[in-house]
Amino acid sequence: MNVGVVVFPGSNCDRDMFHVLSDVFNLNTHYCWHAKPLPENLDAVVLPGGFSYGDRLRAGVIAAHSPIIQDIKKISEKGIPILGVCNGFQILVESGLLPGVLLKNDSLNFMCEWTNLTVENNKTPFTNQFELNQKIPIPIANGEGRYFVDDETLDQLERKNQIVFKYDQVVNGSSNQIAGVCNDDGNIVGMMPHPERAVESEINPHDNKPSSLIFESLLKKMGVNN
Amino acid sequence: MVDYCVHVTIENKPGISDPEGKTILNDLVLKGTHQNVSKINTAKMLKFTITENNKESAQSKVREICDELRIYNPMVSVVTIDAFDA
């Protein structure tokens, strides 16, 4: 199974994500530079965290115009799983692949801390190994992580089961404490917390197994025995 | 064709919280002697210099650019676009 990790100017979690996919989950992982076409043999794509284009104008908006985004749109229509983490999530909303927008945290602080998520949708390619409402201890590291949608869109997200993760308490002022959402088809998932920083017991002081299930869900979806 | 200066002001829609504006109001302005200020909204301004036939076309061209490239996010922001002689 081939997974692409998209690299934009200013991505800084691409290597962590590459390490987790290739060394922890034994996937054939490929860096994909944003200005080049997306390789055609990919079975999943991950947009990692970072500060693409230095967050200039608005986090994710300039990267959303990168050539590779058009390729990602095309393969997403075929149902290929796409995961955006942190800045990757910001890029997915700014490119219109996911609903909503990410605003500055209520505190105006860059927040770097452990949070607890609850799984609200366990049908996506990244959550199919979870029990519904299962908790995930996982770190966040962002300045613009406050997920916002208007009331009408929020109703729609709830009705169509597009809310994938919520924080279990108020963290940054996100609408309904949303930490991650998916598209209507469920194959594109965006989340602010960093699973790639939580899957190994050496760097997770809590429990690394729930975060691992995000990647194990992908393996399950692709029919890979790890 | 002459140069025009076009100011694009991007601010939150009414109802979208603006914690930075509130902080400037509560922790700076109202802590001084200026008690008659009731609200501060932060905004981001971009200043375009653009070559066009007239001020109106400069303004409409910049609006087109802002919409096409999502210079502002229409879900949460509004823009005001003003054109001036450069």
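Cut-offs used in this document
Residues numbered from 1 in each chain as written. Chains lettered and ligands numbered in written order. Predicted model: local features only at pLDDT ≥ 70, side-chain atom pairs only at ≥ 80, totals over all residues. Helix = DSSP H or I, 4+ residues; strand = E, 2+ residues; numbered from the N terminus. Rg over C-alpha atoms; globule rule 2.2 N^0.38 Å. Buried ≥ 20, exposed ≤ 12 C-beta atoms within 10 Å, placed from the backbone. Contact = placed C-beta atoms within 7 Å. Pairing = 2+ DSSP bridges. Axes fitted to C-alpha atoms, helices over the stretch in contact; angles between N-to-C directions. Core = buried A, V, L, I, M, F, W, Y, C linked by C-beta atoms within 7 Å. Nonpolar A, V, L, I, M, F, W, Y, C, P; charged D, E, K, R; others polar. pLDDT = per-residue confidence, 0-100. Right-handed = clockwise from strand over helix to strand, strands pointing away.

Draft legend 1. Structural context of the overall build of chain B. On a plain count of helices and strands, chain B comes out with two helices and three strands. A compact globule built from 86 residues should have a C-alpha radius of gyration of about 12 Å, whereas chain B, at 16 Å, is more than 25% larger. Viewed in the frame of its principal axes, chain B has a C-alpha envelope of about 50 × 30 × 15 Å. Residues classed as buried in chain B amount to 13% of the 86 residues present.

Draft legend 2. Summary view of the overall build of chain A. Looking only at helices and strands, chain A has five helices and eleven strands in total. Computed over its C-alpha atoms, the radius of gyration of chain A comes to 16 Å, within 12% of the 17 Å expected for a compact globule of 226 residues. Counting only C-alpha atoms, chain A reaches 40 × 35 × 35 Å along its principal axes. Put simply, chain A has 226 residues, and 53% of those count as buried. Sequence separation of 24 or more characterises 74% of the internal contacts of chain A that already satisfy a separation of 6 or more.

Draft legend 3. Quick look at the sheet that holds strand S1 (residues 2-12) of chain B. Residue and element names in this part refer to chain B. Strands sit in the order S2-S1-S3 across an open sheet of three strands; the sheet is antiparallel. Because the sheet does not close on itself, it has two edges, and the strands there are strand S2 (43-52) and strand S3 (77-85). Recorded for the sheet is a direction-independent mean angle of 20° between the axes of neighbouring strands. In this sheet, S3 lies alongside S1 in antiparallel orientation, the contact comprising nine bridges. What sits directly across from Glu-11, in S3, is Val-78.

Draft legend 4. Seen up close, the sheet that holds strand S10 (residues 178-182) of chain A. All names here are of chain A. Overall, mixed pairing links the nine strands, which are arranged S2-S1-S3-S4-S11-S10-S9-S6-S7 in an open sheet. Two strands in the sheet have a free side with no partner beyond their single neighbour: strand S2 (28-33) and strand S7 (135-142). Each strand axis lies, on average, 25° off the axis of its neighbour in the sheet, ignoring direction. Two elements, strand S9 (residues 163-167) and S10, share three bridges in a ladder whose sense is antiparallel. The residue of S10 that forms the bridge with Phe-165 is Gly-180. Here helix H1 (residues 14-24) sits on the sheet and contacts strand S1 (2-7), S2 and strand S3 (44-47); the angle it forms with S1, its principal contact strand, is near 175°. The strands touched by helix H2 (residues 67-76) within the sheet are S1, S2, S3, strand S4 (82-85) and strand S11 (188-191), with S4 carrying the most contacts at an inclination of about 135°.

Draft legend 5. Quick look at the nonpolar core. Grouped together as the largest cluster of nonpolar side chains are 69 residues, with contacts concentrated most on Val-5, Val-6, Val-46, Phe-89 and Met-191 of chain A. Not counting the four nearest positions on each side in its chain, Val-46 of chain A is found in contact with Val-3, Val-5, Met-17, Leu-83 and Gly-88 of chain A.

Draft legend 6. How the structure looks around the interface of chain B and chain A. Taken together, the eight residues of chain B in the interface contact eleven residues of chain A. In the side of chain B that touches chain A, the residues fall into four nonpolar, two polar and two charged.

Draft legend 7. Fine view of the confidence of the model for chain B. When the pLDDT values of chain B are averaged, the result is 94; 100% of them are 70 or greater. Under the prediction, the complex receives an ipTM of 0.78, its pTM being 0.92.

Draft legend 8. Summary view of the pairing of S2 of chain A. Residue and element names in this part refer to chain A. When S1 meets S2, the two strands line up parallel, connected through six bridges. Across the sheet, residue Val-5 finds its bridge partner in S2, namely Tyr-31. Handedness of the crossover is the feature at issue here: the chain leaves S1, passes through H1, returns alongside S2, and the resulting connection is right-handed.

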